[in-house]
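Letter by letter, the chains look like this.
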Amino acid sequence: MSIKLYWCAQSRAGRVLWLLEEIGADFEVVEIDVRDEGAKAHPLFRIASPMGKVPAISDGDVNLCDSAAISLYLADRFPEAGLAPALDDPLRARYLYWMVFTPGMLEPALTEKFGGWETNRFQHGWGDHDSVMDVLKAGLAQGPWLLGKPFSAADVLVGASLHYMQVIGALPESDVLAAYVARCLERPAFQRALARDAAAAG
Ligand SMILES: N[C@@H](CCC(=O)N[C@@H](CS)C(=O)NCC(=O)O)C(=O)O
């Protein structure tokens with residue numbers, strides 16, 4: 001049985017679409033227009049995503065939402081794709097750090113900057129926008145990927161987010177970040193995911 005991906009164009013579901021393309025697993029896309037309450041009421045979708053948010057997946061008896069949780073699940077579910085270091089690989093720790101970086105650090109930092117939140121480096125769990133971007137630049141300085149040579153699922157989460165920031169003009173000026181996004185864009189799997197987005201946008 002193939003994996004079902006509940007997806008909407010121009011959304012965080014693009015991350016999981018890219019990851020599934022990298023994995024090369026059998027999957028089908030179920031489009032949910034998250035701007036349409038009727039579409040979001042889809043009962044099987046709501047089992048996978050109680051809040052009615054995309055992305056979500058169904059994989060046999062497994063129902064799961066949240067792009068980071070889904071990516072952790074899929075990268076371990078398909079070890080042959082080589083997108084997650086094994087449990088006994090010393091890179092595993094770094095990988096886990098970067099896997100939660102997008103929801104834990106990058107997204108709140110962006111909201112801080114563009115939502116006009118007051119910066120509070122001490123109290124805010126992510127620190128502040130500029131520190132988050134500095135950590136990212138330092139993490140990518142060696143490259144080509146977050147873990148060095150191996151491309152991993154963490155690059156899908158972070159790469160898709162940085163690409164989105166570039167599209168909306170929110171990516172800080174940085175040769176390191178720009179080169180990383182360009183490398184992500186060279187990947188055929190990312191190109192296929194973006195092509196589906198573009199096709200849906202008409
Ligand atoms: N933390 C979640 C956030 C998912 C999310 O907020 N998705 C948005 C689209 S990007 C959504 O479905 N919004 C519709 C809604 O909340 O009704 C993830 O990373 O998957």
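Residues numbered from 1 in each chain as written. Predicted model: local features only at pLDDT ≥ 70, side-chain atom pairs only at ≥ 80, totals over all residues. Heavy atoms only, no water.

### A word on the overall build of the chain
At step 1: Counting its regular elements, the chain contains 10 helices and 4 strands.
At step 2: For the chain, the N- to C-terminal ordering of α and β elements is β-α-β-α-α-β-β-α-α-α-α-α-α-α.
At step 3: For the chain, the C-alpha atoms occupy an extent of roughly 40 × 40 × 35 Å along the three principal directions.
At step 4: Buried positions account for 46% of the 202 residues belonging to the chain.
At step 5: When the accessible surface of the chain is totalled, it reaches about 10,200 Å², and 54% of it is carbon and sulfur.
At step 6: For the chain, the separation between the mean place of its 18 positive charges and that of its 26 negative charges on side chains is 1 Å. (Helix = DSSP H or I, 4+ residues; strand = E, 2+ residues; numbered from the N terminus. Buried < 20%, exposed > 50% of the residue type's maximum accessible area, 1.4 Å probe, protein only. Areas by Shrake-Rupley, 256 points an atom, 1.4 Å probe, with all protein chains shown as cover. Lys, Arg positive; Asp, Glu negative; His and termini not counted. Charge placed at Lys NZ, Arg CZ, Asp CG, Glu CD.)

### As for the domain arrangement of the chain
At step 1: Domain assignment breaks the chain into domain 1 (3-82) and domain 2 (91-189).
At step 2: Inter-centroid distance (C-alpha atoms) of domain 1 to domain 2 is 22 Å.
At step 3: Each partner contributes residues to the interface: domain 1 has 13 residues there, and domain 2 has 18 residues.
At step 4: Contact between domain 1 and domain 2 buries roughly 1,300 Å² in total, counting both sides, with carbon and sulfur atoms accounting for 65%. (Domains from an automatic or database assignment. Contact = heavy atoms within 4.5 Å. Buried area = accessible area lost by both parts, 1.4 Å probe.)

### Focus: the environment of Ile-23
At step 1: Turning to its location among the elements, Ile-23 is positioned in helix H1 (residues 13-23).
At step 2: Remark: the alpha-carbon pair of Ile-23 and Ala-109, spanning 86 residues in sequence, is separated by 29 Å.
At step 3: In contact with Ile-23, other than residues within four places in its own chain, are Leu-74, Phe-78, Ala-81 and Leu-83.

### Focus: the packing of H1 against helix H8 (residues 153-167)
At step 1: Between H1 and H8, whose axes approach to 9 Å, the crossing angle comes to 140°. In this view, H1 runs oblique relative to H8, as classed from their interaxial angle. In this structure, the crossing between H1 and H8 has a hand that is right-handed. Here Arg-15, Trp-18, Leu-19 and Glu-22 of H1 lie close against H8, whose contacting residues are Ala-153, Asp-155, Val-156, Leu-157, Gly-159, Ala-160 and Ser-161.
At step 2: Class assignment for the residues of the contact of H1 with H8 results in 6 nonpolar, 2 polar and 3 charged. (Axes fitted to C-alpha atoms, helices over the stretch in contact; angles between N-to-C directions. Parallel < 35°, antiparallel > 145°, perpendicular 65-115°, else oblique. Left-handed = near helix turned anticlockwise from the far one by under 90°. Nonpolar A, V, L, I, M, F, W, Y, C, P; charged D, E, K, R; others polar.)

### Things to note about the nonpolar core
At step 1: Among the nonpolar cores identified, the biggest contains 62 residues, and Trp-18, Leu-74, Leu-136 and Leu-162 are the most heavily contacted of them.
At step 2: In terms of residues, this core owes the most to one element, H8, which gives 8 residues.
At step 3: Each of domain 1 (3-82) and domain 2 (91-189) gives at least three residues to this core.
At step 4: Beyond its immediate sequence surroundings of up to four residues, Trp-18 is in contact with Phe-151, Asp-155, Val-156, Gly-159, Ala-160, Cys-184, Arg-187, Ala-189, Phe-190 and Ala-193. (Core = buried A, V, L, I, M, F, W, Y, C linked by side-chain atoms within 4.5 Å.)

### Here we look at the side chain of Arg-92
At step 1: By the element assignment, Arg-92 lies in helix H5 (residues 91-99).
At step 2: With residues near it in sequence (within four places) discarded, Arg-92 still touches Asp-76, Ala-84, Pro-85, Ala-86 and Leu-87.

### Concerning H1
At step 1: Of all 11 residues in H1, 11 are buried; the element is thus mostly enclosed.
At step 2: Looking one or two places after H1, you find Gly-24, whose phi comes out positive at around 80°.

### Concerning the pairing of strand S3 (residues 56-59)
At step 1: What you see with S3 is no split at all: Ala-56 and Ser-58 on one side and Ile-57 and Asp-59 on the other are buried throughout.
At step 2: Bridge analysis of strand S1 (residues 3-7) against S3 gives 3 bridges, and the strand direction is antiparallel. Counted as the bridge partner of Tyr-6 is Ala-56 from S3.
At step 3: One ladder, built from 4 bridges, connects S3 with strand S4 (residues 62-65); its direction is antiparallel. From the neighbouring strand, Ala-56 faces S4, where its bridge partner is Cys-65. (Pairing = 2+ DSSP bridges.)

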